[in-house]
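Listed here are the chains, written in short residue letters.
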Amino acid sequence: MRITQILLPLLIISLSSISSHVWADQIFPAHLVGTFSRNNREPKYTIEYLPEDAPFHPGDNLESMVMLDKQGRRFLCFLPKEEESSTGWTSTQQNISTVLMETDKQLKLKTPDELLLPLKDNCLLRQEGWWSYEFCHLGSVRQLHLEDGTKIVQEFSLGKYDAEATAAFNQNVSHASTMKERYHSHIFTNGTTCDLTGTPREVEVRFVCAETRAMVTSITELSTCKYALTVQCPTLCKHPLFQLEKPVSHTIHCNLIPQEEDTTRTEDEPVVGESPKLADS
C-alpha cells in the first residue's frame, strides 16, 4: 500500500505538469515523460505512456489505476512492485547492506589512505577570485594571491598535515556519518596565526570519489579561520564505501484503454484526473 501512496501524487503531477494533462501528440509514439523521486536515495519512477498497438504486458499481481488525459482518453497504469527481502528491508536498504557485506569479504581491500598514495608529492591548485588555494598531499595547504599566474605576492598557511590529529578525527567520526557523507578526512593544523582568534589556522581536507581527474573542487570557511577543502580523487572510487550510491529505478507503464473496453468499466471506478460525480439531490 505504501508504494501506491507514493506513486499516486506522482501520476497526478505527470498529467498536470504537461498543460494540465497529457496531449495526444505527446503520447504517440510512446516516450518517457519524466522521472520522479523525493531524493537521490529513494527509488526513481519513470512514467511511460504506450499506444493501443504496442501495450505493456504486465506480470502477475501488479497494482493498477486508471488515468485520464485532457481529451478524456483513459490509460491503465501498472505500478511496479516494491522489492522486499525476507528481512523486510527495501531495495534501497539492501544496496547499502550489500556494500557493507562486500567490504567485509574483501580482506585485502586497500585503505583510503593507500588509495590516496598516487597524490603523494603532487600539489593541486584552485583559483577563486583574488585567492588561490594550493593543496599538497601529506604536506600543506596554502592560501595565495598570485600575479602573472606564478608570482606569490601574499600568502597564508592554512595548515600542515597532522597525522595524529587525522587519526584522532577519523576515529571519532561515527560509521553512520561516514556512510552518509562518503568522504575521508585529513587534518592540517598549525597554520598562520589568525588575527581574529589569535590561534593558528586549521583545515580539514575531505577526499571524495569522482571518476574524473584529481582536483580541488571547493573551499569553505566553517568558522573563523577554520576551513574545509574538498578534493576529488578517482582512486578513492575503488573503495566500495566511497562509491556513489546508484538509485533504484522503476517504470510505471500506462496502456491506452480501447474505447470499446472503456465502455465496459463501471461508472464507480476511481479515475485519476476525473472530477468525482456528485450524488443526485
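Here, the structure is the one placed above.
Asks: Teacher, can you tell me more about the sheet that holds strand β6 (residues 131-136) here?
Replies: Backbone hydrogen bonds are what pair the strands of a sheet, in a parallel or an antiparallel way. Taken in spatial order, the 8 strands line up as β5-β6-β7-β8-β9-β10-β12-β11 in an open sheet, and their pairing is mixed. Strand pairing shows two members of the sheet lacking a second neighbour, β5 (123-128) and β11 (215-223), which therefore form its edges. Looking at each pair of strands side by side, their axes are set apart by 25° on average, direction ignored. Two elements, strand β7 (residues 140-147) and strand β8 (residues 151-161), share 8 bridges in a ladder whose sense is antiparallel. Bridge assignment links Leu146 to a residue of β8, and that residue is Ile152.

Asks: Looking at this structure, I do not really get the packing of aromatic side chains. What am I missing?
Replies: Aromatic ring pairs are described here by two measures, namely the spacing of the ring centres and the angle between the planes. Tallied over the full model, the rule gives 6 aromatic pairs. Judged by centre distance (5.7 Å) and plane angle (65°), the rings of Tyr161 and Phe188 are edge-to-face. Taken together, the residues span a long stretch of sequence, with Tyr161 in strand β8 and Phe188 in strand β9 (residues 184-189) at a distance of 27 residues. Accessibility expressed as a relative area gives 26% for Tyr161, which makes it partly exposed. Judged by relative accessible area, Phe188 falls into the buried class, the value being 0%. Ring pairs connect the aromatic residues Phe135, Tyr161, Phe188 and Phe207, which therefore count as one cluster.

Asks: Explain the environment of Pro51 here, please?
Replies: Mapped onto the secondary structure, Pro51 falls in the loop between β2 (44-50) and β3 (64-68). Through-space distance from the C-alpha of Pro51 to that of Asn255 is 6.4 Å; in sequence the pair is 204 residues apart.

Asks: Please explain the pattern of salt bridges as it appears in this structure.
Replies: Summed over all chains, the structure comprises 5 salt bridges. In this structure, the salt-bridge partner of Glu128 is Arg126, at a minimum N-O distance of 2.8 Å. By relative accessible area, which is 32% here, Glu128 ends up partly exposed. The salt bridge involving Glu134 is made with Arg142; its shortest N-O contact spans 2.7 Å. Taken together, the salt bridges that share partners define one network made up of Glu134, Arg142 and Glu155.

Asks: Would you mind showing me how to read the state of the cysteines here?
Replies: Note: disulfide means a covalent bond formed between the sulfur atoms of two cysteine side chains. Counted by the stated rule, this structure contains 4 disulfides. The disulfide partner of Cys194 is Cys225, and the gap between their sulfur atoms is 2.1 Å. The sign of the 60° torsion about the S-S bond sets the Cys194-Cys225 disulfide as right-handed. Taken together, the residues span a long stretch of sequence, with Cys194 in the loop between β9 and β10 (202-209) and Cys225 in the loop between β11 and β12 (226-233) at a distance of 31 residues.

Asks: Explanation requested: unusual backbone geometry in the structure shown.
Replies: Excluding glycine, most residues fall at negative phi; most peptide bonds, likewise, are trans. Non-glycine residue Leu138 carries a positive phi angle of around 60°. Within the fold, Leu138 resides in the loop between β6 and β7. Unusually for a residue other than glycine, Asn190 sits at a positive phi of about 60°. For Asn190, the position within the fold is in the loop between β9 and β10. Look at Asn190 and you get exposed, because its relative accessible area is 52%.

Asks: Is there a simple way to think about the pairing of strand β4 (residues 74-78) in this case?
Replies: Among the 5 residues in β4, 5 count as buried, and that is most of the element. Of the two faces of β4, both are covered, the one formed by Arg74, Leu76 and Phe78 as well as the one formed by Phe75 and Cys77. The pairing of β3 with β4 spans 5 bridges and is classified as antiparallel. Its bridge partner being in β4, Met67 is matched across the sheet by Phe75. What sits between β3 and β4 in their antiparallel hairpin is a turn of 5 residues, with Gly72 showing a positive phi close to 85°. Relative to strand β13 (residues 249-256), β4 runs antiparallel, the two sharing 4 bridges. Bridge pairing in β13 links Cys77 to Cys254.

About the cut-offs
- Residues numbered from 1 in each chain as written.
- Predicted model: local features only at pLDDT ≥ 70, side-chain atom pairs only at ≥ 80, totals over all residues.
- Heavy atoms only, no water.
- Pairing = 2+ DSSP bridges.
- Helix = DSSP H or I, 4+ residues; strand = E, 2+ residues; numbered from the N terminus.
- Axes fitted to C-alpha atoms, helices over the stretch in contact; angles between N-to-C directions.
- Phe/Tyr/Trp six-rings, centres within 6.5 Å; stacked < 30°, edge-to-face > 60°.
- Buried < 20%, exposed > 50% of the residue type's maximum accessible area, 1.4 Å probe, protein only.
- Salt bridge = Lys/Arg side-chain N within 4 Å of Asp/Glu carboxyl O.
- Disulfide = S-S within 2.5 Å.

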